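Residues per chain are reported as follows:
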Amino acid sequence: MKLYTFIQNTMNPYENLAVEEILRRQVCEGEVILYLWQNKDTVVIGRNQCAYDECNLEAMQKEGVKLARRMSGGGAVYHDEGNLNFSFLACDSEYDKVKQNQVLLDAIQSFGLEASISGRNDLLAEERKFSGHAYYQSDGKNCHHGTLMIGVDQNRLSSYLNVSKAKLQKRSVASVKSRVINLQSLNDEITVETMKEKLIESFSKIYKGTPVPYESLQTNLVQMQQNVLEDKDWLYGAKKNAYKKLYGCFDWGEITLYYRIENERIQDILFNTDGMDASLLLEIPEKLKNIPLDKERVKLALKGDGLEQQVVCDDIYKLIKPLLERK
């Protein structure tokens, strides 16, 4: 197996996310790439989230905080220079979440800290979150990426993110600030630079090889992808003022479903969700578009590929079922 590292120096979120996507597209079988990067003063939202719902856009614009949207699902996060982002890029044959998480845990433990995995996408220290993860794949090529809070400004973090009361209550915490922790507060030897070193050492140890710098990035493709990620339609999406909405909170995530009904048919559906399965959630609005308000027709349209996806589809059916019963 060939191991590569790619250490990004810029803090431009659009360039950094574009580099990640091109690395994912370029990775070959028999390769794993560890990509380390940082953004300066940026809120990054998930693929299926609505910026107007998730962010305090007025405060962000006033204080020069950028908005970015990533390719994966999951929730909104705040990045500053006290945060280190990681990405594992690999084809299906080399993609291994257990191994990838072990690289992270091993690096944290090398500083004398205990860390654990919580749910599907968080890492905790002292029962507080310091790392959130998200995932996506296309054409047999995968990305597992996330944050490592080292010295993030938590006051700014809480001022830019609109976290729902339901999510905080579910986690039994009073605020987003109270449920997260900076690793630097547990060990002052942890800096962005020392964490980079430990991650590369751990990557080598867990994968039993010597990583080398990745030098085959196609920069022309990066610029094309960056143009997509900077586009306002991609960043902000549709305003949902003309839609009615339903809200649900499930084990797989929160969802606000915006809908329009005309002539006893579902004319349009939009989502705001932190659900992790970005690809499935992207497919559902198209499946339901122009479907009559009929229980059997809607249930038939909501078919998932596998048990986990079917759970999501079943929950969405429960959410919209009252609309079907009004006929």
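For the structure itself, consult the block above.
Residues numbered from 1 in each chain as written. Predicted model: local features only at pLDDT ≥ 70, side-chain atom pairs only at ≥ 80, totals over all residues. Heavy atoms only, no water.

> So what's going on with the overall build of the protein? Which residues, and what values?
For the protein, the helix and strand inventory stands at 12 helices and 15 strands. By the compact-globule yardstick of 20 Å for 327 residues, the protein fits well, its C-alpha radius of gyration being 20 Å. A separation threshold of at least 6 residues defines the contact pool for the protein, and within that pool the share at least 24 residues apart is 69%. Working note: accessible area of the protein is about 15,500 Å², and carbon and sulfur atoms make up 46% of it. (Helix = DSSP H or I, 4+ residues; strand = E, 2+ residues; numbered from the N terminus. Rg over C-alpha atoms; globule rule 2.2 N^0.38 Å. Contact = heavy atoms within 4.5 Å. Areas by Shrake-Rupley, 256 points an atom, 1.4 Å probe, with all protein chains shown as cover.)

> How would you summarise helix α7 (residues 192-207) if you had to cite specific residues and measurements?
Under the 1.5 Å per step criterion, the end-to-end length of α7 is 22 Å for 16 residues, consistent within 8% with the ideal 22 Å. Listing the buried residues of α7 in full gives V192, M195, K196, L199, S202, F203, I206 and Y207. In a view along the axis of α7, the buried residues occupy a sector of 130 degrees, so they form one face of it. One or two positions beyond α7, positive phi appears at K208, with a value near 55 degrees. (Expected span 1.5 Å × (residues − 1). Buried < 20%, exposed > 50% of the residue type's maximum accessible area, 1.4 Å probe, protein only. Arc of directions from axis to C-beta.)

> Provide a residue-level description of the environment of V32, including the pertinent values.
Of note, V32 is situated in strand β2 (residues 31-37). In this structure, the C-alpha to C-alpha distance between V32 and E325, residues 293 residues apart in sequence, is 50 Å. Apart from residues lying up to four places away in sequence, V32 is in contact with M1, K2, L3, Y4, L89, A90, E94, F203 and Y207.

> Before we move on, could you go through the pairing of strand β3 (residues 42-45) and cite the residues and values that matter?
Burial along β3 is two-sided: T42 and V44 and V43 and I45, pointing in opposite directions, are all buried. Here β3 runs beside strand β4 (residues 66-69); their pairing, made up of four bridges, is parallel. Bridged to I45 within β4 is R69. As defined by bridge partners, β3 adjoins strand β5 (residues 77-79) across three bridges and the pair is classed as antiparallel. Each bridged residue has a counterpart across the sheet, and for T42 the counterpart in β5 is H79. (Pairing = 2+ DSSP bridges.)

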